[in-house]
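# Reading the structure
Given next are the chains, with one letter for each unit.
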Amino acid sequence: ILNVRFSAFIASDEKGKLQLKLLHGGTAPNAVPDTCVVQIRGMDAATLASVSRTCETMQYRHKIEMDENEDATITFFGKSAHGSTPEKGVNAAAHAIQVLDTLPLTGDIRGLVHFLAEKLGEETDGRSLGIRMEDHTGALSVNLGLLNF
């Protein structure tokens, strides 16, 4: 198992901007996350509707809750599987990243989210990372097992 950590500088609150407050998915690096929770500050009704449409179009199981401070909590639901066979699961963390990539996030977090969506997304073979391979032991598997912010 190769564990890779990414980090990003997060600027302080900017008025009128979406701000990622929490991103938590998975319990172990060698398991496909079956849930992922995202909290975003500054969500208006139009952006919230756009997120809901995106989830429905992509057939992502999710629940959206909004509080009085325009903070949205979006919970994504998937199906757990062992990290060696991620194709047997449904990665809730990958779904969260795909949806976050459609939002107008700013700063380093935008770049990090886009990288994860583009290079990992829902893939399980490492193709977009340029590491896809197979040998006598079988095919390489790639799994976005933990997200914590």
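Residues numbered from 1 in each chain as written. Predicted model: local features only at pLDDT ≥ 70, side-chain atom pairs only at ≥ 80, totals over all residues. Heavy atoms only, no water.

Before going further, it helps to examine the nonpolar core. Counting 31 residues, the largest nonpolar core has Leu 23, Cys 36, Val 38, Ile 40, Phe 76, Leu 100 and Leu 147 as the members making the most contacts within it. Sequence-distant contacts of Ile 40, that is, excluding residues within four places in its chain, are made with Leu 18, Gln 19, Leu 20, Lys 21, Glu 70, Asp 71, Ala 72, Ile 74, Leu 100 and Leu 103. (Core = buried A, V, L, I, M, F, W, Y, C linked by side-chain atoms within 4.5 Å. Buried < 20%, exposed > 50% of the residue type's maximum accessible area, 1.4 Å probe, protein only. Contact = heavy atoms within 4.5 Å.)

Let's shift gears to the state of the cysteines. By the definition in use, this model includes zero disulfides. Counting only cysteine sulfurs, Cys 55 is the nearest neighbor of Cys 36, a cysteine outside any disulfide, at a range of 11 Å. Owing to a relative accessible area of 0%, Cys 55 belongs among the buried residues under this scheme. (Disulfide = S-S within 2.5 Å.)

When the pLDDT values of the protein chain are averaged, the result is 90; 92% of them are 70 or greater. Between the elements of the protein chain, mean pLDDT differs from a low of 90, seen in strand 6 (residues 138-139), to a high of 97, seen in helix 2 (residues 92-100). (pLDDT = per-residue confidence, 0-100. Helix = DSSP H or I, 4+ residues; strand = E, 2+ residues; numbered from the N terminus.)

With that settled, consider the pattern of salt bridges. Scanning all chains against the criterion turns up five salt bridges. Among the ionic pairs, Asp 71 bridges to Arg 41, the shortest N-O distance being 3.0 Å. On the criterion of sequence distance, the pair formed by Asp 71 in strand 4 (residues 71-77) and Arg 41 in strand 2 (residues 35-41) is long-range, its members being 30 residues apart. Among the residues examined, Asp 71 registers a relative accessible area of 14% and is labelled buried. (Salt bridge = Lys/Arg side-chain N within 4 Å of Asp/Glu carboxyl O.)

Our focus in this paragraph is helix 2. Counting buried positions along helix 2 yields nine of nine residues, so the element is predominantly enclosed. Turning to helix 2, its buried residues number three or more, namely Ala 92, Ala 93, Ala 94, His 95, Ala 96, Ile 97, Gln 98, Val 99 and Leu 100. Its buried side turned inward, helix 2 meets strand 1 (19-25), strand 2, helix 1 (45-57), strand 4, helix 3 (107-119) and strand 7 (147-148). Where helix 2 begins, one side-chain oxygen reaches toward the backbone nitrogen of Ala 93, 3.0 Å away; that side chain belongs to Asn 91. (Polar contact = N/O pair within 3.5 Å; in protein donor to acceptor, adjacent residues only side chain to side chain.)

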